[in-house]
Amino acid sequence: MISIQDLKNKIKKFPRVKLSFLPTPFEKLNNLSAMFKYYNIFIKRDDQTGLAFGGNKTRKLEFIMADVLHQKANCVITWAGVQSNWCRQLTAAAKKLKIKPVLLLFKKPAFSKEYDGNLLLDLILDAEIKIIEVEKEKKTMELSDVKDFVEEIVKKEKQKGNTPYIAPIGGSLVEGSMSVPLGAIAYLEVFLELYEQTMAEKIKIDSVIIATGSGSTQAGLIIGAKLLSPWTRIVGICVSEDKETMRKYVKNIIEHTLSAINIKEKIEDKEIIVFDDYLKEGYGVLNQEVAQAIAFLAREEGIFLDPVYTGKAMAGMLDLIKNGYFREGENIVFLHTGGTPALFPYREKFISFLKKKLG
Ligand SMILES: Cc1ncc(COP(=O)(O)O)c(C=O)c1O
């Protein structure tokens, strides 16, 4: 075990720029807890980090943008799907710091190219955008998957006299210009923040439920739990990859992070808890259960989730509750990681799944 102060000191060693409003709120979901009476259900609102509609990426970007500044780059290049929350938050952070954002956005035929949701926000923020049409989108695109496109942009930016920084998708894997897993460092700090919030209310956290995509949110939380609260399970609901692939990503980020903070700790595969049962039709496809889970939380607690990540995580949590995964009396924390601007491009699906029509 390490003391809270020692862990804080380790995190302090990484330069950062302020972009978020922290700590984010933590509260009990009273209606859900009353409904599922054997459990206490809480929410941690990382959708409220503040910058450009918030979300988990703002915290990661505090460290990543400090690295961009440190490397004296004046242009930041990244990639993801057209409705990427990561790209929207990165663009906003870059703009605030007077750095040029360049986005490589991959679009499947089923996705609209209309300026809506995150893509509309990217346009308003004035990111430089290149859209690539693809048949199938692998969500956790590593740099090796997009290398040729990125190299072309790097070359063009250098010709213009710019110094580019290549930021990996989701701020997760150690690749491109990022030599330290800064995204996971940010989420190690989130566990600390949550731990202090729950300690203040004398709550012991049994389980934390999250959507897991590129892996650093889960990796950081797992390390935090292992060091401060080893009884806490960090339960990742896969949104894009199967559980073996996801576990491999998370494990890799954990190893890099432990080495970056100079802690010798062994995290076993079985401690990386991931469920891929809710992946269903795949990344970004809204189905009936997810639409209903989103409507359920909105109607019970007045909180909006998103269709790609947190909606799936909520559908997963509700199913795990139904199937008796949690022990009686557990304190369960749902981590809301943001993504709500992506609700709007899914309007037709919501109307059809929720059978709603204007009167
Ligand atoms: C809203 C939202 N939640 C969760 C995640 C997953 O976080 P991570 O990529 O760290 O696994 C993402 C990633 O894009 C996201 O946008």
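Conventions and cut-offs
- Residues numbered from 1 in each chain as written.
- Predicted model: local features only at pLDDT ≥ 70, side-chain atom pairs only at ≥ 80, totals over all residues.
- Heavy atoms only, no water.
- Near = heavy atom within 4 Å.
- Polar contact = N/O pair within 3.5 Å; in protein donor to acceptor, adjacent residues only side chain to side chain.
- Areas by Shrake-Rupley, 256 points an atom, 1.4 Å probe, with all protein chains shown as cover.
- Helix = DSSP H or I, 4+ residues; strand = E, 2+ residues; numbered from the N terminus.
- Contact = heavy atoms within 4.5 Å.
- Pairing = 2+ DSSP bridges.
- Axes fitted to C-alpha atoms, helices over the stretch in contact; angles between N-to-C directions.
- Core = buried A, V, L, I, M, F, W, Y, C linked by side-chain atoms within 4.5 Å.
- Buried < 20%, exposed > 50% of the residue type's maximum accessible area, 1.4 Å probe, protein only.
- Domains from an automatic or database assignment.
- Parallel < 35°, antiparallel > 145°, perpendicular 65-115°, else oblique.
- Left-handed = near helix turned anticlockwise from the far one by under 90°.
- Nonpolar A, V, L, I, M, F, W, Y, C, P; charged D, E, K, R; others polar.

(A) Structural view of the site of the ligand. As a structural note, the neighbourhood of the ligand is formed by 15 residues, with K57, K60, S214, T217 and T337 the closest of them. N85 is positioned with one of its side-chain polar atoms (N or O) 2.9 Å from an oxygen atom of the ligand. At a separation of 2.7 Å, an oxygen atom of the ligand approaches a polar backbone atom of G213. Relative to its unbound accessible surface of 380 Å², the ligand loses 99% to contact with the protein. Of the residues forming the shell around the ligand, the biggest block, three residues, is contributed by helix α3 (residues 56-70).

(B) Structural detail: the side chain of Q83. When you line up the elements, Q83 lands in the loop between β3 (75-81) and α4 (85-96). Polar side-chain contacts of Q83 include one of 2.9 Å to the backbone oxygen of D116. Separated by 2.7 Å, the side chain of Q83 and the backbone nitrogen of N118 make a polar contact. Discounting residues that sit within four places of it in the chain, Q83 has contacts with D116, G117, N118, L119, A342 and P345.

(C) Local environment of the sheet that holds strand β7 (residues 207-212). Strand order in the open sheet made by the six strands is β1-β2-β10-β7-β8-β9, with mixed pairing throughout. For this open sheet the edge positions go to β1 (26-28) and β9 (273-275), each flanked by a neighbour on one side alone. The mean inter-strand angle of the sheet, taken between neighbouring strand axes irrespective of direction, is 25°. Sheet analysis places β1 next to strand β2 (residues 40-45), joined by three bridges and oriented antiparallel. When the bridges of β2 are listed, K28 appears paired with F42. Sheet strands touched by helix α8 (residues 216-228): β7, β8 (233-238), β9 and β10 (331-336). Its angle to β8, the strand with the most contacts, is close to 170°.

(D) Region of the structure containing the nonpolar core. Among the nonpolar cores identified, the biggest contains 126 residues, and M65, W79, W86, I254 and M317 are the most heavily contacted of them. Tallying contributions element by element places helix α7 (residues 182-200) first for this core, with eleven residues. The two domains that each donate at least three residues to this core are domain 1 (4-55 + 181-353) and domain 2 (73-171). Once residues within four sequence positions are removed from consideration, M65 is found in contact with V17, L19, V76, A93, A94, L97 and I99.

(E) Representation of the packing of α4 against helix α5 (residues 117-125) in the model. Between α4 and α5, whose axes approach to 9 Å, the crossing angle comes to 15°. The angle between α4 and α5 places the two elements in the roughly parallel class. Helix-helix and strand crossings are classified by hand; for α4 and α5 the assignment is left-handed. From α4, N85, C87, R88, T91, A92 and K95 reach across to α5, where they touch N118, L121, D122 and L125. Here the contact of α4 with α5 is built from residues that sort into four nonpolar, three polar and three charged.

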